[in-house]
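Residue-level structure breakdown
These are the residues of each chain, in order.
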2 protein chains.
Amino acid sequence: MERIEHRACSGGWQDVYRHRSEVLGCEMNFAIYLPPQAAARKLPVLYWLSGLTCNEQNFITKAGAQRYAAEHGIILVAPDTSPRGDEVADAEGYDLGKGAGFYLNATEQPWAKHYRMHDYIVDELPALIEANFPATGARGISGHSMGGHGALVVALRNPGRYRSVSAFSPIVAPSQVPWGEKAFTAYLGEDRSTWLQWDASELVALASERLPLLVDQGDADDFLGGQLQPQRLQAACEVVGHPIELRMQPGYDHSYYFIASFIGDHIAHHAEAL
Amino acid sequence: MERIEHRACSGGWQDVYRHRSEVLGCEMNFAIYLPPQAAARKLPVLYWLSGLTCNEQNFITKAGAQRYAAEHGIILVAPDTSPRGDEVADAEGYDLGKGAGFYLNATEQPWAKHYRMHDYIVDELPALIEANFPATGARGISGHSMGGHGALVVALRNPGRYRSVSAFSPIVAPSQVPWGEKAFTAYLGEDRSTWLQWDASELVALASERLPLLVDQGDADDFLGGQLQPQRLQAACEVVGHPIELRMQPGYDHSYYFIASFIGDHIAHHAEAL
């Protein structure tokens, strides 16, 4: 593991590391923000999963989350959104392949070899963080768009592993919308029954743990009707009585201006659980 | 004037406009953040001048300033850093020509026709803002690196025009350091006596107004010893008794992580004066 960026920020350190991922079979970058409290004691960790086209940089440069993490004493970890490198399969278009890992374990070729982002996010990365940084085993997870899907899915699939979950503008029903249909067909194959285990609106019905879901969605988001459709998740939660707070934010779009406007609320939400 | 971006942010609107600048003889973009209070009343304006290579986007996407502007009820205006367009002279290198206007009025060819950023920032842009937005005539000015130089210089050259001034990592003595020597030689010519009216460490001795200077500087900034040298400004202030608060921030570098860490302090400083 090699530290490739190290910058003072809000009293702590915004670092980026590069490491060899055994799960993904490639070199990966992740960003970690260590708030000032990390110099003295172990802290809980909030994992942030970014959206399509992003890497580990977007969240740390644009969300303004560090000041809130410093306020609450929480470590932030922002991984990349897919495996990377010349040996990793890719596709034309921003919504499949590199930058578009969808936080699942692919079963189809040519993706199955490297595209195992679920296992990387849930197992390998936390093990690395907890072995090398002043991190307790208390974990929260959040993300944006494809990363909001990722946060909801990994939390719902892994009861007990996360104490809190939230999402900005998540793809809540990937089996039902174009982004998800394209990605799932490629990564998981044509048999839609295999898709359901990667779809938050399906998983909520099976959840053995009633982890409350905090979801923020801008009502001026260009992707709201076509790709996001948060009411599908809300409806699924209502059927089984899963706690959800879906906040429709008037005027907000899909950008980091939206995330920056409400990330303080989300970090406070996670801090309460962590 | 055409609005080319319009995004909800921290309860207000982060917009970008394009307009024809008569002073610069080209089309220019500027960013304006209108906090929620702007819907009800006129507000003071803080102008932000960015550094080398930047345009109107850097500050609005990376500084996280909007939440503080919303807290204090201040409009933020972030212009571009030079004239733009195919007809505008340029040079090899990031530190001369486009993206490197140095907030002065050039006298030498081929620069004199378009490079009049001082007059644009001090006169044309505020007139445009105050005519078209809910802005009072109360103005503050701040900036980073080359823009810190710009903020200090335009405030010191124009007594009564700004109520407050601050700077991050400013080039305080451009006549004495490589960035400034290169730019001033090109824009102003070989006669160094003409440079002094664009050098904050010289101007402070002539200032008829004792506007307090707030300066933040990271002590891990790679440009500190070679290009910035804030002690030159502090020494010049001490000679004439000009009020200055120079804060050396341990561990911080030249990046937006540094700006994001202390922009809240600066906006509070300006809010008090505005």
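Residues numbered from 1 in each chain as written. Chains lettered and ligands numbered in written order. Predicted model: local features only at pLDDT ≥ 70, side-chain atom pairs only at ≥ 80, totals over all residues. Heavy atoms only, no water.

- Chain A has the name S-formylglutathione hydrolase in an unreviewed UniProt entry, where Stenotrophomonas tumulicola is given as its organism.
- In its Function (unreviewed entry) section, UniProt records this for chain A: "Serine hydrolase involved in the detoxification of formaldehyde." (UniProt positions renumbered as here; feature names shortened; annotations may be inferred.)

**Let's talk about the overall build of chain A**
- Looking only at helices and strands, chain A features 9 helices and 9 strands.
- Compactness check: chain A gives a C-alpha radius of gyration of 17 Å against a globular reference of 19 Å for 274 residues, within 12% of the reference.
- If one aligns the C-alpha atoms of chain A with their principal axes, the spans along those axes are about 50 × 40 × 35 Å.
- By residue count, 64% of the 274 residues in chain A fall in the buried class.
- Excluding contacts between residues fewer than 6 apart, the proportion of contacts in chain A whose partners are at least 24 apart in sequence is 70%.
- For chain A, the accessible area works out to roughly 9,700 Å², and carbon and sulfur atoms hold 47% of it.
- Chain A carries 21 positive and 33 negative side-chain charges, and their two centres are separated by 5 Å. (Helix = DSSP H or I, 4+ residues; strand = E, 2+ residues; numbered from the N terminus. Rg over C-alpha atoms; globule rule 2.2 N^0.38 Å. Buried < 20%, exposed > 50% of the residue type's maximum accessible area, 1.4 Å probe, protein only. Contact = heavy atoms within 4.5 Å. Areas by Shrake-Rupley, 256 points an atom, 1.4 Å probe, with all protein chains shown as cover. Lys, Arg positive; Asp, Glu negative; His and termini not counted. Charge placed at Lys NZ, Arg CZ, Asp CG, Glu CD.)

**Side note on the relation of the copies chain B and chain A**
- The two copies are related by a screw motion: chain B maps onto chain A through a turn of 180° and a shift of 0.0 Å along the axis, at an RMSD of 0.0 Å. Seen this way, the second copy is the image of the first under a two-fold rotation axis.
- Interface residue correspondence from chain B to chain A reaches 100%, placing this contact among same-surface, isologous pairings. (Least-squares fit on C-alpha atoms with pLDDT ≥ 70 in both.)

**A few points about the pattern of salt bridges**
All names here are of chain A.
- This structure, assessed with the given rule, holds 20 salt bridges over all chains.
- With a shortest N-O distance of 3.1 Å, Arg116 and Asp119 are connected by a salt bridge.
- According to the relative accessible area criterion, Arg116 is partly exposed, its value standing at 27%.
- A salt bridge links Arg247 to Asp216, with the nearest nitrogen and oxygen atoms 2.7 Å apart. (Salt bridge = Lys/Arg side-chain N within 4 Å of Asp/Glu carboxyl O.)

**Quick notes on the state of the cysteines**
- Summed over all chains, the structure comprises 0 disulfides over all chains.
- Cys54 of chain B provides the cysteine sulfur closest to Cys9 of chain A, a residue in no disulfide bond, and the two sulfurs are 17 Å apart.
- Relative accessible area serves as the criterion here: at 1%, Cys9 of chain A is assigned to the buried category. (Disulfide = S-S within 2.5 Å.)

**Description of the sheet that holds strand E9 (residues 244-249) of chain B**
All names here are of chain B.
- Here 9 strands make up an open sheet; going across it, the order is E1-E2-E3-E5-E4-E6-E7-E8-E9 and the pairing mixed. Strands at the two margins of the open sheet, each flanked by one partner only, are strand E1 (2-9) and E9. The sheet shows a mean angle of 20° between the axes of neighbouring strands, direction not considered.
- Bridging between strand E6 (residues 135-143) and strand E7 (residues 164-168) involves 2 bridges; their strand directions are parallel. What sits directly across from Gly140, in E7, is Ser164. (Pairing = 2+ DSSP bridges. Axes fitted to C-alpha atoms, helices over the stretch in contact; angles between N-to-C directions.)

**Thoughts on the environment of Gly137 of chain B**
- Among the structural elements, Gly137 of chain B can be located in strand E6.
- Residues Gly137 of chain B and Lys42 of chain B, spaced 95 residues apart in sequence, show a C-alpha to C-alpha distance of 9.3 Å.

**Observations concerning the pairing of strand E7 (residues 164-168) of chain A**
- With 5 of its 5 residues buried, E7 of chain A lies for the most part within the structure.
- Burial of E7 of chain A is two-sided: the residues Ser164, Ser166 and Phe168 of chain A facing one way and the residues Val165 and Ala167 of chain A facing the other way are all buried.

**Let's talk about the side chain of Glu56 of chain B**
All names here are of chain B.
- Among the secondary structure elements, Glu56 is positioned in the loop between strand E4 (43-49) and helix H1 (57-62).
- Although Glu56 lies buried, it forms no salt bridge, and the closest oppositely charged side chain, Arg84, sits 6.6 Å away as judged by the N-O distance.
- A polar atom in the side chain of Glu56 sits 3.1 Å from the side chain of Gln57.
- With residues up to four places along the chain from it excluded, the contact list for Glu56 reads Val16, Asn29, Phe30, Ala31, Ala78, Pro79 and Asp80. (Polar contact = N/O pair within 3.5 Å; in protein donor to acceptor, adjacent residues only side chain to side chain.)

**Some points on the side chain of Thr81 of chain B**
- Here Thr81 of chain B is to be found in the loop between strand E5 (75-79) and helix H3 (117-132).
- At 3.4 Å, the side chain of Thr81 of chain B forms a polar contact with the backbone oxygen of Gly99 of chain B.

**Remarks on the sheet that holds strand E4 (residues 43-49) of chain A**
All names here are of chain A.
- Here 9 strands make up an open sheet; going across it, the order is E1-E2-E3-E5-E4-E6-E7-E8-E9 and the pairing mixed. On the outer flanks of this sheet lie strand E1 (2-9) and strand E9 (244-249), each paired with one strand and no other. Across the sheet, the axes of successive neighbouring strands diverge by a mean angle of 20°, strand direction being ignored.
- Across the sheet, helix H8 (residues 231-240) is in contact with strand E8 (213-218) and E9; its angle to E9 comes to roughly 155°.

**Description of the interface of chain B and chain A**
- Taken together, the 24 residues of chain B in the interface contact 24 residues of chain A.
- On the chain B side of the interface with chain A, the three residues burying the most area are Ala8, Arg67 and Tyr257 of chain B, jointly 39% of the side's total.
- Remark: the boundary between chain B and chain A carries 2 salt bridges.
- Measuring nitrogen to oxygen at the nearest pair gives 3.0 Å for the salt bridge that ties Asp253 of chain A to Arg7 of chain B. (Buried area = accessible area lost by both parts, 1.4 Å probe.)

**Observations regarding unusual backbone geometry**
Residue and element names in this part refer to chain A.
- Omega for the bond connecting Gln109 with Pro110 falls within 30 degrees of zero, at 0°, which places this linkage in the cis form.
- Residue position: Pro110 is located in the loop between strand E5 (75-79) and helix H3 (117-132).
- Positive phi outside glycine occurs at Thr53, with the angle close to 80°.
- Summarising the element assignment, Thr53 is placed in the loop between E4 and helix H1 (57-62).
- For Thr53, a relative accessible area of 52% corresponds to the exposed category.
- Its identity as a non-glycine residue notwithstanding, Ser145 has a phi of 60°, on the positive side.
- Along the chain, Ser145 turns up in the loop between strand E6 (135-143) and helix H4 (146-157).
- Classification of Ser145 as buried rests on a relative accessible area of 3%.

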